[in-house]
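Chain and residue survey
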Amino acid sequence: MLQTELGEAKKRRGLIGAALLKEFPGSRTYVNGSVAHGDALTPLTDVDLGVVVAEAVDSHGPGKKGPGDLKDRAANAIRRELGPAYPKLTVIVEGRKRSILVRFGDPVTAGEKDFTADVIVAIDNLEAEGLYIPRYREWDRAHPEEHTRMVKNAIDKTDVLYARAVRLLKHWNRCNDMPMCSWNVKALALGCLDEPMTQLQALKVWFGFAIDELSVAETEDPAHVADKPIKLNKPRREVVAQLREAGAKLDQAIAFENFGYPVLAWEQLALMFGDEDMMPKPDWYKVTAEQARKIADDKAAQHRVTGTPALVTGVGAGALHQRRDVSSWGL
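1. Focus on the packing of helix H8 (residues 236–258) against helix H9 (residues 262–273)
Remark: H8 packs on H9, axes separated minimally by 7 Å, with the N-to-C direction vectors making an angle of 165 degrees. Classified by the angle their axes make, H8 and H9 are roughly antiparallel. Where H8 crosses over H9, the two elements pack in a sense that is left-handed. For the pair formed by H8 and H9, the contact residues are Ala 246, Lys 249, Leu 250, Gln 252, Ala 253, Phe 256 and Glu 257 on the first element and Pro 262, Leu 264, Ala 265, Gln 268, Leu 269, Leu 271 and Met 272 on the second. For the contact of H8 with H9, a count of residues per class yields 10 nonpolar, two polar and two charged.

Written out as structure tokens, the structure reads:
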């Protein structure tokens, strides 16, 4: 299903891009977000793209004209060019902070919610790195083109591990009340996933890094252009507490796996992700049997070495380098 969604998303994104370039000759478009970064989930929620309007570079920007007229022109162009193919098309500008929202009214799969498009009208910043993007009637600094370059570089450096890990982390985020936006997940990953490793190692590294970083402050723009940090969807302390809880389940899963209890490890990961469709809990009888085996192993170990527990609930640095992978638990 995801491949079908991605194909249709890229097609519709291309149609919007063509409409924008027709309206703003000599300009350039850029792609951003999960489809461009290779970490989209299913069902797909949106596709992102922007147009950098060449003709507005001198007339618009801070202290000059706001983005309103450019957004209206872009919206009208999308309506004009895509309307015949999508009779239920809706393009919304009013009340939108940054993007133009495009609703196609044509779900890829019958009965499923259709994905949307977020379209940014931007101008080049002639005095510094990056672009100016809308903030209602004003402008903010941003560098979405650099963000996409950084993500693609991370994917290359990690042999695609970055994208696979981010997809799992975004799934955890989506299934646990979205404590942070998807870009925050990826921005944190840019700070800690920079070499090949297993998916399980990557999850462990990310949760540790995210807890350390967010315990101090919100995440800064990895391109060092935006004036403000990435906003969380919940108070920072609540987000850190949620990360700690998930990280503890992950640590327990790693410990169980390393000590030969794969069903108990699977159960902990299922609890961490909280999504029966993505990772259903293991069979109750298998869990009970393995719990009984662990109790017997603990008793036997206690007889051999008085006072020494059979299972260390934490995981040491050496264990992290064992070549185990979450694929053994169905991921």
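Once you've had a look at it, read on.
2. Describing the pairing of strand S4 (residues 100–103)
Sheet analysis places strand S3 (residues 90–92) next to S4, joined by three bridges and oriented antiparallel. What sits directly across from Val 91, in S4, is Val 102. Bridging between S4 and strand S5 (residues 116–124) involves four bridges; their strand directions are antiparallel. Looking at the pairing, Val 102 lines up with Ala 117 of S5.

3. A few points about the environment of Val 93
Summarising the element assignment, Val 93 is placed in the loop between S3 and S4. Look at Val 93 and you get buried, because its relative accessible area is 16%. Taking the C-alpha atoms as reference points, Val 93 and Asp 72, separated by 21 residues in sequence, lie 7.1 Å from one another. In this structure Val 93 touches Lys 71, Asp 72, Ala 75 and Ile 100, once residues within four positions along its chain are discounted.

The rules we used
- Residues numbered from 1 in each chain as written.
- Predicted model: local features only at pLDDT ≥ 70, side-chain atom pairs only at ≥ 80, totals over all residues.
- Heavy atoms only, no water.
- Axes fitted to C-alpha atoms, helices over the stretch in contact; angles between N-to-C directions.
- Helix = DSSP H or I, 4+ residues; strand = E, 2+ residues; numbered from the N terminus.
- Parallel < 35°, antiparallel > 145°, perpendicular 65-115°, else oblique.
- Left-handed = near helix turned anticlockwise from the far one by under 90°.
- Contact = heavy atoms within 4.5 Å.
- Nonpolar A, V, L, I, M, F, W, Y, C, P; charged D, E, K, R; others polar.
- Pairing = 2+ DSSP bridges.
- Buried < 20%, exposed > 50% of the residue type's maximum accessible area, 1.4 Å probe, protein only.

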